[in-house]
Amino acid sequence: MGWDASGARQFRHTFCTISHVTSRPAAAQRLSDLARLRRVRDRIDREYAQPLDVEALARGAHMSAGHLSRQFRLAYGESPYGYLMTRRIERAMALLRRGDLSVTEVCFAVGCSSLGTFSTRFTELVGVPPSTYRGQTARATAGMPSCVAKQVTRPIRNREARVTEPQLA
């Protein structure tokens, strides 16, 4: 059974009408999801030292954990857990630069419950273990304003670091 010209036109008209009608609610839903994702990100920024998990964040945003994780990654380029750990490590870096707390104290102050997981994640993001960072940074940032030290020592993830291509002569 083939399509005649009027049947094809009718199908195209119906399909385009359905697409047009359904795209408005989809766009509204996307804006609503983005607003909820922004609130989740803001909550992580505020409560990084509290015990947060994806399920709790999802409940607060009235989303399933899977939907939250997928949409958060699409919007911000990393999972909610990855974002939380990055915030914790950034705060840990600031506390370690001060030099008045031990690595263990810093670990618990930023909301991590396992020193091993904290040290592993810190090393992945920063490139050196927290104890090494504490010693190196105290010397490197001595006399530097804290706002400058924060920018200079901010962790760079592997996917964010610029890869330079070798120049062939």
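Anything mentioned here points back to the structure above.
With 12 residues, helix 6 (residues 115-126) ought to run about 16 Å at 1.5 Å a step, and its terminal C-alpha atoms sit 16 Å apart, in line with that. Inspection of helix 6 places Phe 118, Arg 121, Phe 122 and Leu 125 among the buried residues, and these make up the whole buried set. Within helix 6, the buried residues cover an arc of 105° as seen down the axis, which keeps them to one side. At the C-terminal side of helix 6, Gly 127 shows a positive phi close to 100°.

Applying the stated criterion across every chain yields a total of 6 salt bridges. Two residues, Asp 45 and Arg 87, come together in a salt bridge whose shortest N-O distance is 3.3 Å. Of the two residues, Asp 45 is situated in helix 1 (residues 5-46) and Arg 87 in helix 4 (residues 80-98); the sequence distance between them amounts to 42 residues. In this structure, Arg 121 and Glu 124 form a salt bridge, with 3.3 Å as the shortest nitrogen-oxygen distance. Of this pair, Arg 121 and Glu 124 are both found in helix 6, 3 residues apart, which corresponds to roughly one turn of the helix. A single salt-bridge network, built from bridges that share partners, covers Asp 45, Arg 87 and Glu 90.

Quick notes on the rules
Residues numbered from 1 in each chain as written. Predicted model: local features only at pLDDT ≥ 70, side-chain atom pairs only at ≥ 80, totals over all residues. Heavy atoms only, no water. Helix = DSSP H or I, 4+ residues; strand = E, 2+ residues; numbered from the N terminus. Expected span 1.5 Å × (residues − 1). Buried < 20%, exposed > 50% of the residue type's maximum accessible area, 1.4 Å probe, protein only. Arc of directions from axis to C-beta. Salt bridge = Lys/Arg side-chain N within 4 Å of Asp/Glu carboxyl O.

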